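# Overview (structure and organization)
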Amino acid sequence: MSRFVRASKYRHVFGQQGKKEYGYDNVKVTNSAWDTNIIAASTRYISLNWNASGGGAFAILPLPNPFTPLPTGFPSKLPDLIPLARSHTGPVLDTDWSPFNDSVVASAGEDGKTLIWKVESSAFEGWGLDGWEPQDFDPVARIDVSPRRVGHVLFHPTANNVLATSTGDHVVKLWDLASPEHAKSVLGGHGDAIQSLAWNPAGTILATTCRDRKIRLFDPRAGGDPVRVGEGHGGIKGARVVWMGDRDRIATTGFSKMSDRQAAIWETGSLSNVKTITIDQTSGVLMPFWTDNNILFLAGKGDGNIRYYEYENDNLFPLSEYKSSEPQRGMCFLPRRGLSVSDCEIARAYKVAASSIEAIAFIVPRKSDSFQSDIYPPAPSAEPALSASEFFAGKTAPPKLVSLEDGSISSGATPLSIPSTPAAAPAPTKTTSAPPPAAAPAPVIAVHEEPPAPTPAKPEPSEQRAPARSQTIPSDDGTVAALKEENARLTSELRDAREKIRNLELQVEAVRANARKAAAALLES
């Protein structure tokens, strides 16, 4: 047995729970059996699925801090009656906060609706004072998503006002909140209930897990069919997915056929399994959370502990675990730009217990009072990289990142692109020349310098050419037919060219993967 201890700056990370009066008590958590995280957080507020009569509701509360008390005058033990967001006619199943506006939250309900809410800070004035009466929140927008339930709601990480919803019809719909009359994109192919959604950091690829035991990757601008489909965990219960930063890896949690709880890593180019570890045989669904410190947190429903692992060279190395006697019903993590850097806090969880919400800070013990740049990579900023119209027109842009030291804004990594079909043959050596052709999709992008225009941009060059020629078309049926035939031919050629580009990109990705494996093998030898 080796006595070598792996070097890591996160080996001594520990979880610190805030004082009881720093959290919330007398919380009435929903009793819905639908599997979501129950709670969500922005850097100003938290939302919690509430157990309310007369339709669905969720609570909106000021964000607790594990290091400081609640805002002055705000009670730790909540009154029996508090302001709620009540406009759903069925139970609220999921909520998500906008990454670009800490006061905007979306909710999904059993009634097939998605509602958008904007929180005013004045809503919390006078809590607990004599004569105070709770005033419920009102939605600012309503989207009729589906006749069946809306199970999940998820904002886009780089494009403003873009929202993804999963429905009981086994599809994912993408919406532009500026014009929510119709879905901008519908992603299908799921054989059963959708269990989780996750965008990659640049928002170019959406990953889903499904009750049919498959993992799917979608490029929403390329069409409604998945560009990758792979076998996931063997059990049908509670599979979740999360992107592992800007690398070509996703992490999933789920169950084996023998009901073992598992965590796995997958390579996104082919959805091949890279690593699978067995956690235990408990029945609670594992909720995965990724931080850009290369740490994967796993919190099981019904568990009192939170495990965390460091990712390195396609392995998950256990660091430690936060232990508690209070089992958790749900959990979320705070956006990294809201962390307390003076306390060396690298992550913060909000844990929902039976009737309470508590904040848990994960801290790297350091003696120095100066900014610790080695444990604080830039975090996703509150500034969007794209408008909704630019996104749906096909434009891509790296996410904007903020320095936690001085607040400066920079651009993230180049957006990941996944070809729609795998290459038929092994990658030849000439694939080093693939990147130049990969720039070909650029003409597809409709670039607008002005704010989102009311008229949607045209994503296809072929669609732009046809109207230009049709303006001089005489009323001759033969000419019209000839132009339609030419338009169809150009569209087909464009589709073939894109297919070749995607195959070249896949070959490049395969070469890079092989190079990484070779480098890792040389280091181990």
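This report concerns the structure included in the present document. In this text, all values refer to a predicted model and were calculated from it rather than measured experimentally.

Spatially, the four strands line up as an open sheet ordered β3-β4-β5-β6, and their pairing is antiparallel. Unpaired on one side and paired on the other, β3 (39–41) and β6 (84–88) mark the two borders of the sheet. Within this sheet the neighbouring strands show an average axis-to-axis angle of 20°, counted without direction. In terms of strand pairing, strand β4 (residues 45–50) meets strand β5 (residues 56–62) through six bridges, oriented antiparallel. Note on β5: the bridge partner recorded for I46 is L61.

Mapped onto the fold, A349 is located in strand β28 (residues 345–352). Not counting residues up to four positions away in its chain, the partners in contact with A349 are M331, C332, F333, E358, A359, I360 and F362.

Its identity as a non-glycine residue notwithstanding, H170 has a phi of 65°, on the positive side. Its place among the elements puts H170 in the loop between β12 (162–167) and β13 (172–176). For N313, which is not glycine, the phi dihedral falls at a positive 50°. Here N313 lies in the loop between β25 (306–312) and β26 (315–322). A relative accessible area of 60% places N313 in the exposed class.

Okay, the environment of Y22 next. Position of Y22 among the secondary structure elements: in the loop between β1 (14–17) and β2 (24–25). Once you skip the residues sitting within four places of it in the chain, Y22 turns out to touch P64, N65, P66, F67, T68, P69 and L70.

Applying the stated criterion across every chain, the model contains three cavities of 30 Å³ or more. Computed from the structure, the largest cavity encloses a volume of approximately 60 Å³. Considering the residues around the largest cavity, the lining is formed by 13 residues, among which C210, R213, G232, H233 and A239 are closest to the centre. In the lining of the largest cavity, the residues fall into four nonpolar, six polar and three charged.

Spatially, β15-β16-β17-β18 is the arrangement adopted by the four strands of the open sheet, whose pairing is antiparallel. In this open sheet, the two strands that pair with only one neighbour each are β15 (194–199) and β18 (228–231). Put simply, the sheet's adjacent strands are angled 20° from each other on average, direction ignored.

What follows concerns the packing of aromatic side chains. Considering all chains together, one arrives at 17 aromatic pairs under this definition. Ring geometry for F289 against F333: centres 4.7 Å apart, planes inclined by 25°, an arrangement best described as stacked. Within this pair, whereas F289 is found in strand β23 (residues 286–291), its partner F333 is found in strand β27 (residues 330–333), the two being separated by 44 residues in sequence. Judged on exposure class, the residue F289 and its partner F333 are both buried. Members of the aromatic cluster, connected to one another through ring pairs, are Y24, Y45, F74, W97, F124 and F137.

Attention now moves to the pairing of β13. With five of five residues buried, β13 lies mostly within the body of the structure. Here β13 shows a buried face lined by V172, L174 and D176 and a second buried face lined by K173 and W175. Inspection of the sheet shows β12 paired to β13 by five bridges, in the antiparallel sense. Following the sheet pairing, S166 is matched in β13 by V172. The loop that links β12 with its antiparallel partner β13 comprises four residues; one of these, H170, has a positive phi angle of about 65°. Pairing between β13 and strand β14 (residues 185–187): three bridges, direction antiparallel. The partner of V172 across the bridge, within β14, is L187.

Right, let's talk about the side chain of D303 for a bit. Residue position: D303 is located in the loop between β24 (295–300) and β25. Here D303 falls in the buried class, since its relative accessible area comes to 8%. A polar contact of 2.7 Å, which involves the side chain of D303, links it to the side chain of R261. Every residue in contact with D303, bar those within four places of it in the chain, is listed here: R261, T282, E326, P327 and Q328.

On to the nonpolar core. By size, the foremost hydrophobic cluster in this structure holds 39 residues, and its most contacted members are Y24, I60, L61 and L78. Elements represented by at least two residues in this core include exactly β3, β4, β5, β6, β7 (92–97), β9 (113–118), β28 and β29 (356–363). With five residues, β5 is the largest single contributor of residues to this core. In terms of nonpolar packing, the next biggest core, distinct from the first, is built from 27 residues, F289, A299, I346 and I363 among them.

Quick look at the pattern of salt bridges now. The final tally for this structure, using the stated rule, is 24 salt bridges. As a salt-bridge pair, D80 and K28 come within 3.6 Å of each other at their nearest N and O atoms. Taken together, the residues span a long stretch of sequence, with D80 in the loop between β5 and β6 and K28 in the loop between β2 and β3 at a distance of 52 residues. Judged by its relative accessible area of 28%, K28 is partly exposed. For D248, the salt bridge identified is with R249, shortest N-O distance 3.1 Å. The same class applies to D248 and to R249, which are both buried.

A few words on the environment of N305. Within the secondary structure, N305 is located in the loop between β24 and β25. Classification of N305 by relative accessible area gives buried; the value is 13%. Residues N305 and S325, 20 residues apart in the sequence, show an inter-C-alpha distance of 8.0 Å. Once residues within four sequence positions are removed from consideration, N305 is found in contact with L298, A299, G300, E321, Y322, K323 and Q328. Engagement of the side chain of N305 in a polar contact is seen with the side chain of E321, the distance being 2.9 Å.

What counts and what doesn't
- Residues numbered from 1 in each chain as written.
- Predicted model: local features only at pLDDT ≥ 70, side-chain atom pairs only at ≥ 80, totals over all residues.
- Heavy atoms only, no water.
- Pairing = 2+ DSSP bridges.
- Helix = DSSP H or I, 4+ residues; strand = E, 2+ residues; numbered from the N terminus.
- Axes fitted to C-alpha atoms, helices over the stretch in contact; angles between N-to-C directions.
- Contact = heavy atoms within 4.5 Å.
- Buried < 20%, exposed > 50% of the residue type's maximum accessible area, 1.4 Å probe, protein only.
- 1 Å grid on protein atoms, 1.4 Å probe; cavity = no way out; pocket = protein on both sides within 12 Å on 5 of 7 lines; lining within 4 Å.
- Points joined across faces, edges and corners; volume = space filled by probe spheres on them.
- Nonpolar A, V, L, I, M, F, W, Y, C, P; charged D, E, K, R; others polar.
- Phe/Tyr/Trp six-rings, centres within 6.5 Å; stacked < 30°, edge-to-face > 60°.
- Polar contact = N/O pair within 3.5 Å; in protein donor to acceptor, adjacent residues only side chain to side chain.
- Core = buried A, V, L, I, M, F, W, Y, C linked by side-chain atoms within 4.5 Å.
- Salt bridge = Lys/Arg side-chain N within 4 Å of Asp/Glu carboxyl O.

Purely geometric stuff here, so don't read any function into it on its own.
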